[in-house]
Amino acid sequence: MSTDTAPGTATPGTAHRKVLLLNGPNLNLLGQRDPATYGSATLADVEARTVAAGSELGLDVVCRQSNHEGALIDLVQSAPTEGFSGIVINPGAYAHYSYALRDAVDAIDIPCVEIHISNVHAREPFRHTSVTAPVMDGFICGCGIAGYVLALRALLSRLDG
């Protein structure tokens with residue numbers, strides 16, 4: 001009997017790696033805020049789906065959300081010393097102007113994947129540029145909440161080299 005697993009799935013008996021899922025400002029309002037753009041799923045739904053997918057991939061996903069730039073920066077900076085192997089982050093509007101968040105991601109040595117629920121390139125012009133994207137290891141947008149699972153898979157691909 002083969003013990004091989006499909007790419008992107010957990011190998012039986014291997015230790016899970018810890019991944020930080022960060023959601024930025026206003027994502028606590030998912031399910032209420034502009035459902036035509038963001039859908040009807042709540043942040044709790046997104047987190048539960050991402051944690052379940054992470055478990056299937058051999059990842060322990062720890063979820064955090066903050067509306068405060070400094071709190072997100074603190075979480076990014078402390079991730080490596082707290083044993084996180086990587087970060088999936090939806091920085092929300094901070095993606096478009098937070099050079100401080102960009103610098104925090106740039107300063108750590110674990111992979112980070114940026115996720116946006118909506119297609120930011122099909123929205124208002126100010127959303128077309130992400131100042132954080134150039135220091136990320138991946139960028140996913142426009143796939144709805146399914147993008148979170150895609151981001152986990154992309155992160156896992158980076159971790160597995």
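Residues numbered from 1 in each chain as written. Predicted model: local features only at pLDDT ≥ 70, side-chain atom pairs only at ≥ 80, totals over all residues. Heavy atoms only, no water.

Some thoughts on helix H2 (residues 43–56)
Part 1: Here H2 spans 20 Å end to end across 14 residues, near enough to the 20 Å set by a 1.5 Å rise per residue.
Part 2: Restricting attention to buried positions, one finds in H2 the residues Leu 43, Val 46, Glu 47, Thr 50, Ala 53 and Gly 54. Buried residues in H2, looked at end-on, bunch into an arc of 135 degrees, giving them a common side.
Part 3: Buried residues along H2 sit against strand E1 (17–23), strand E2 (59–65) and helix H5 (146–159).
Part 4: One or two steps after H2, the chain reaches Gly 58, where phi turns positive at roughly 85 degrees. (Helix = DSSP H or I, 4+ residues; strand = E, 2+ residues; numbered from the N terminus. Expected span 1.5 Å × (residues − 1). Buried < 20%, exposed > 50% of the residue type's maximum accessible area, 1.4 Å probe, protein only. Arc of directions from axis to C-beta. Contact = heavy atoms within 4.5 Å.)

Some points on the packing of helix H3 (residues 69–78) against helix H4 (residues 99–107)
Part 1: Contact geometry of H3 with H4 gives a least axis separation of 9 Å together with a crossing angle of 5 degrees. One finds that H3 runs roughly parallel with respect to H4. Judged by residue contacts, Glu 69, Leu 72, Ile 73, Val 76 and Gln 77 of H3 engage Ala 100, Leu 101, Ala 104 and Val 105 from H4.
Part 2: Taken together, the residues of the contact of H3 with H4 sort by class into seven nonpolar, one polar and one charged. (Axes fitted to C-alpha atoms, helices over the stretch in contact; angles between N-to-C directions. Parallel < 35°, antiparallel > 145°, perpendicular 65-115°, else oblique. Nonpolar A, V, L, I, M, F, W, Y, C, P; charged D, E, K, R; others polar.)

Here's the deal with the layout of surface pockets
Part 1: Roughly 180 Å³ of volume is contained in the largest pocket.
Part 2: Along its surface, the largest pocket is lined by 15 residues, and Arg 33, Tyr 38, Gly 92, Ala 93 and Arg 127 are the ones closest to its centre.
Part 3: Residues belonging to the lining of the largest pocket are distributed by class as follows: six nonpolar, six polar and three charged. (1 Å grid on protein atoms, 1.4 Å probe; cavity = no way out; pocket = protein on both sides within 12 Å on 5 of 7 lines; lining within 4 Å. Points joined across faces, edges and corners; volume = space filled by probe spheres on them.)

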